[in-house]
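# Architecture at a glance
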Amino acid sequence: MRWGHHLPRASWGSGFGRALQQPDEHFPFLIHWSWPLQGERPLGLPRAFIRHHGSSADSTPPSSRHGRLFPSASATEAIQQHRRNLAEWFCRLPREERQFGPTFALDTVHVDPVIRESNPDELLRPSSELALEHQPPQAGLPQLALSQLFDPDACGRRVQTVVLYGTVGTGKSTLVRKMVLDWCHGRLPTFKLLIPFSCEDLSSLGPAPASLCQLVAQRYMPLKEVLPLMADTGSRLLFVLHGLEHLNLDFRLAGTGLCSDPEEPEAPAAIIVNLLRKYMLPEASILVTTRPSAIGRIPSKYVGRYGEICGFSDTNLQKLYFQLRLNQPDCGDAAGGAGVSATPAQRDNLVQMLSRNLEGHHQIAAACFLPSYCWLVCATLHFLHAPTPAGQTLTSIYTSFLRLNFSGETLDSTDPSNLSLMAYAARTMGKLAYQGVSSRKTYFSEEDVRGCLEAGIKTEEEFQLLHIFRRDALRFFLAPCVEPGRAGTFVFTVPAMQEYLAALYIVLGLHKTTLQRVGKEVAELVGRVGEDVSLVLGIMAKLLPLQALPLLFNLLKVVPRVFGRMVGKSRKAVAQAMVLEMFREEDYYNDDVLDQMGASILGVEGPRRHPDEPPEDEVFELFPMFMGGLLSAHNRAVLAQLGCPIKNLDALENAQAIKKKLGKLGRKVLPPSELLDHLFFHYEFQNQRFSAEVLSSLRQLNLAGVRMTPVKCTVVAAVLGSGRHALDEVNLASCQLDPAGLRTLMPVFLRTRKLGLQLNSLGPEACKDLRNLLLHDQCQITTLRLSNNPLTAAGVALLMEGLAGNTSVTHLSLLHTGLGDEGLELLAAQLDRNRQLQELNVAYNGAGDTAALALARAAREHPSLELLQREPPYSAHLWTLRMPSHWCFLLILMPPLCI
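Quick look at the structure, then. Keep in mind it's a predicted model, so treat the numbers as computed, not measured. (Residues numbered from 1 in each chain as written. Predicted model: local features only at pLDDT ≥ 70, side-chain atom pairs only at ≥ 80, totals over all residues. Heavy atoms only, no water.)

## Brief notes about the environment of aspartate 112
Just so we agree on the cut-off: The helix count covers DSSP runs of H or I at least four residues long, the strand count covers runs of E at least two residues long, and both are numbered beginning at the N terminus.
With respect to the helices, strands and loops of the structure, aspartate 112 is situated in the loop between α3 (95-98) and β1 (114-118). Separated by 200 residues in the primary sequence, aspartate 112 and phenylalanine 312 place their C-alpha atoms 8.2 Å from one another.

Shown next, in the form of structure tokens:
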């Protein structure tokens with residue numbers, strides 16, 4: 001497995017000045033990286049670190065001939081209200097960010113991506129080679145901080161218009177958000193008034209005329225009183241135009257006439273053109289963000305400075321971002337109080353492991369070149385190591401990640417097809433990903449990439465769309481391979497993204513054989529003309545004695561049904577391939593997919609594989625998980641927003657085909673890691689009815705040796721906790737369980753008859769949860785094995801409280817649990833409080849003669865106890881047997897059985 005990085009974009013609606021609405025999960029999402037707003041900057045760090053200290057306050061306001069810009073007290077109050085409204089709007093966190101804990105704030109977790117100054121000649125040079133679009137920024141070129149964007153240029157000329165550009169995922173929205181928040185908090189004194197516009201919002205207005213004052217007043221109500229003074233603010237007025245690629249600008253005079261009056265109604269695009277021409281409000285400063293493909297929409301003579309947002313080209317910036325975000329406290333509260341927050345030491349260990357892997361695994365560092373993939377890494381690690389919010393799945397993290405980067409994005413705003421950027425990526429990158437999964441490869445040559453991108457392109461419009469995708473988004477999905485001996489090849493930015501896109505390609509129905517494509521075209525053609533042809537054939541059959549006409553008439557009805565069966569067989573084939581991938585015997589003794597994903601991000605402890613050793617076979621066990629996850633209702637709803645809808649009927653038929661195959665192959669006994677993968681597939685699918693039917697035959701849950709992290713406990717509890725059938729046995733021996741895991745798994749334990757918790761280092765704290773389990777009125781446990789756990793006397797006291805009120809437990813193993821004399825005496829004193837116990841194992845607890853004899857006497861007097869195994873002096877073991885007619889004691893000199 002492998003992996004990748006970036007951040008979301010901001011989209012500002014038309015309601016800034018109105019009563020602010022509650023945030024919802026569809027609110028476009030940005031993440032900021034930079035130094036904390038409080039505290040001193042560290043000494044001796046590289047220039048990339050100290051380029052910007054979380055604000056733009058270092059810039060000195062230029063001398064202004066306007067004096068006091070807003071003499072009216074009411075105008076000043078309007079500006080302050082505007083600041084408060086913007087700050088409240090931009091500080092609201094989407095659902096994806098709230099998972100990081102209640103103390104998380106984007107203002108304090110911001111690391112500036114690198115901004116490199118560029119020139120028009122560099123921007124407009126042709127890119128003939130695919131690899132050129134993947135090269136990192138050239139060393140030695142000047143870098144810019146936010147506070148330097150409007151500094152005079154190299155010739156000393158004043159800069160009024162700045163264009164920042166970057167591919168999807170480099171952090172354009174992050175920088176805009178950062179600058180707006182800096183201004184709201186008074187850290188950008190250069191500008192007295194800042195007015196941000198979303199070009200996506202303006203494009204939705206179409207050609208409907210509106211003046212600049214109307215556009216501002218509609219979005220920022222407090223500025224109504226200030227609008228007449230805009231012309232007097234000069235260069236201290238800053239317009240921020242975010243996402244220029246959404247607007248189709250025409251700078252020809254024949255297309256857009258001149259207009260200097262801010263109160264003159266014009267089409268929004270015309271107003272933006274005249275602002276950029278410096279014909280309207282010529283003294284105002286303008287900051288534009290755009291994708292590379294739209295840079296040419298503004299003639300270079302109207303631009304004072306170009307800046308390329310290059311992401312995190314320095315590994316130290318990546319480490320800083322991970323340190324700030326992963327060290328957020330109280331992350332455990334994000335799960336609604338379930339589970340325990342990670343300690344500072346655990347968080348530091350996570351950051352250190354990730355930092356070491358960044359230093360030694362250069363492919364990971366190449367992926368985190370894009371800031372948004374840094375967010376994906378953090379979200380994945382949080383999913384793997386922190387209590388999981390209800391309903392969150394790995395598939396939903398990846399789907400939300402794509403929504404945050406591609407929501408509302410069309411490939412080309414000037415193209416009448418209005419094709420979704422994500423839909424185009426699913427068709428092209430999904431095809432490449434699926435070809436890799438089906439041929440079990442993760443490295444792709446330039447010919448492989450070109451073959452998937454250029455397949456089926458015939459028209460000039462299609463070539464134009466491909467050109468835009470290559471410039472704007474190809475780097476988001478593919479990265480040049482930096483591993484030794486792999487020069488000239490490409491890999492998906494993160495390994496899991498290849499499997500996600502391959503699954504998306506399948507569930508969207510984009511994978512079709514030649515026979516299916518031809519059959520669909522024929523079926524559609526017959527469907528269009530079928531009624532007319534049938535009518536004509538019916539008339540001819542009455543007038544002419546042609547025996548073949550009725551046969552042709554019936555064939556027209558058969559064609560659509562034949563095609564439907566072909567589609568059905570295709571779904572069955574896909575389901576068969578998915579299930580076979582899930583149950584490949586070659587992968588039986590691999591780590592489970594969650595551990596594989598964690599290792600791909602954090603690295604694997606121990607010696608690395610020797611370069612001369614043959615490479616291991618590629619494993620694609622996440623592919624079926626993502627297929628199931630993409631069929632869930634939540635992910636289908638998000639994909640619909642991205643322009644990739646999955647029809648309910650298609651999802652139902654795919655689910656039925658998968659269920660039929662799972663029902664046949666899912667009954668075999670699986671190794672523990674593969675069994676957890678099977679449960680994880682059901683967790684990703686998020687369909688309790690489907691899981692209950694497929695898993696109805698599961699009677700034994702053997703996860704011995706699987707490291708049960710919080711997310712794995714959540715997976716098992718969510719899939720099996722709501723079932724109705726009882727589990728004969730649950731074996732969780734040597735699973736590194738903790739009290740939080742026991743609480744999460746409580747619904748599963750209540751349906752279990754034999755529960756094995758040996759070798760889990762469970763102490764007295766865990767006994768509180770075991771007591772609650774035993775006292776539950778739905779408890780069905782008959783056998784409880786707690787061997788080799790440091791329960792101590794304090795823990796057995798809690799257990800006896802549970803046994804006193806329990807009516808189901810008949811077999812209890814406390815072998816090697818550190819009871820000592822105190823624990824055994826306590827056990828002897830309270831043994832009679834339980835009347836159902838039949839077998840008790842207390843061997844290897846370091847008991848003395850007095851405690852052992854006391855327990856033996858209590859066992860002899862117990863009404864139901866038939867077998868007591870203990871360890872007396874000299875390694876002799878006393879067994880107390882209850883016979884039908886009398887008691888007898890048998891001294892056996894042999895090692896005790898581990899019950």
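And the narrative resumes.
## Concerning helix α5 (residues 172-184)
How we decide: A helix's residues, less one, multiplied by 1.5 Å, set its expected span. Buried, partly exposed and exposed residues are distinguished by accessible area as a fraction of the type maximum, computed with a 1.4 Å probe on protein chains only: under 20%, between the cut-offs, and over 50%, respectively.
A rise of 1.5 Å per residue sets the reference length of α5, with its 13 residues, at 18 Å; its end C-alpha atoms lie 19 Å apart and thus fit the reference within 8%. Within α5, 13 of the 13 residues are buried, leaving the element largely enclosed by the surrounding structure.

## Section: the packing of helix α12 (residues 371-385) against helix α21 (residues 593-602)
To be explicit about the condition: Throughout, an axis means a line fitted to C-alpha atoms (over the contacting stretch in the case of helices), and angles, computed between N-to-C directions, take values from 0 to 180 degrees. Note that the term roughly parallel is reserved for angles under 35 degrees, roughly antiparallel for angles over 145, roughly perpendicular for angles of 65 to 115, and oblique for everything else. Handedness of a helix crossing follows the sense of rotation of the near helix relative to the far helix, less than a right angle counterclockwise being left-handed and clockwise being right-handed. It only takes one pair of heavy atoms within 4.5 Å for two residues to be counted as in contact. Think of it as three bins: nonpolar holds Ala, Val, Leu, Ile, Met, Phe, Trp, Tyr, Cys and Pro, charged holds Asp, Glu, Lys and Arg, and polar takes everything else, Gly as well.
Interaxial distance between α12 and α21 falls to 11 Å at its minimum, and their mutual angle equals 135°. By the angle between their directions, the pair α12 and α21 is classed as oblique. Handedness of the α12/α21 crossing: left-handed. Residue-level contacts link Val377, Thr380, Leu381, Phe383, Leu384 and His385 of α12 to Leu594, Met597, Gly598, Ile601 and Leu602 of α21. Across the contact of α12 with α21, the residue classes break down as eight nonpolar, three polar and no charged.

## Let's talk about the pairing of strand β4 (residues 193-198)
Heads up, the rule is: When DSSP locates at least two bridges between a pair of strands, those strands are taken to pair.
Buried residues dominate β4, accounting for six of its six residues. Here β4 shows no split at all, with Leu193, Ile195 and Phe197 on one side and Leu194, Pro196 and Ser198 on the other all buried. With six bridges connecting them, β4 and strand β5 (residues 237-242) associate as parallel partners. Directly across from proline 196, in β5, lies its bridge partner valine 240.

## Here's the deal with the sheet that holds β1
Within the open sheet, the seven strands sit side by side as β2-β1-β7-β3-β6-β5-β4. Their pairing is mixed. Each edge of the sheet is formed by a strand with only one pairing partner; in this case those strands are β2 (143-144) and β4.

## Details of the packing of aromatic side chains
As a reminder, the rule being used: Classification of ring pairs uses Phe, Tyr and Trp, with its six-membered ring standing for Trp, and accepts pairs whose centres are within 6.5 Å; under 30 degrees between planes counts as stacked, over 60 as edge-to-face, and the remaining range as tilted. Note on geometry: a ring has a charge over it if NZ (lysine) or CZ (arginine) is within 6 Å of the ring centre and within 35 degrees of the ring normal.
Tallied over the full model, the rule gives 23 aromatic pairs. With centroids separated by 6.3 Å and ring planes inclined at 20°, the aromatic side chains of phenylalanine 680 and tyrosine 683 adopt a geometry described as stacked. Here tyrosine 683 and phenylalanine 680 lie together in helix α25 (residues 672-685), a separation of three residues that amounts to about one turn. The exposure classification of phenylalanine 680 matches that of tyrosine 683, with both residues buried. Ring pairs connect the aromatic residues Tyr373, Trp375, Phe401, Phe406, Tyr424, Phe469, Phe476 and Phe477, which therefore count as one cluster. One Lys or Arg, arginine 83, reaches over the ring of tryptophan 183 and ends 4.1 Å from the middle of that ring.

Take it as geometry only, folks, not as evidence of what the structure does.
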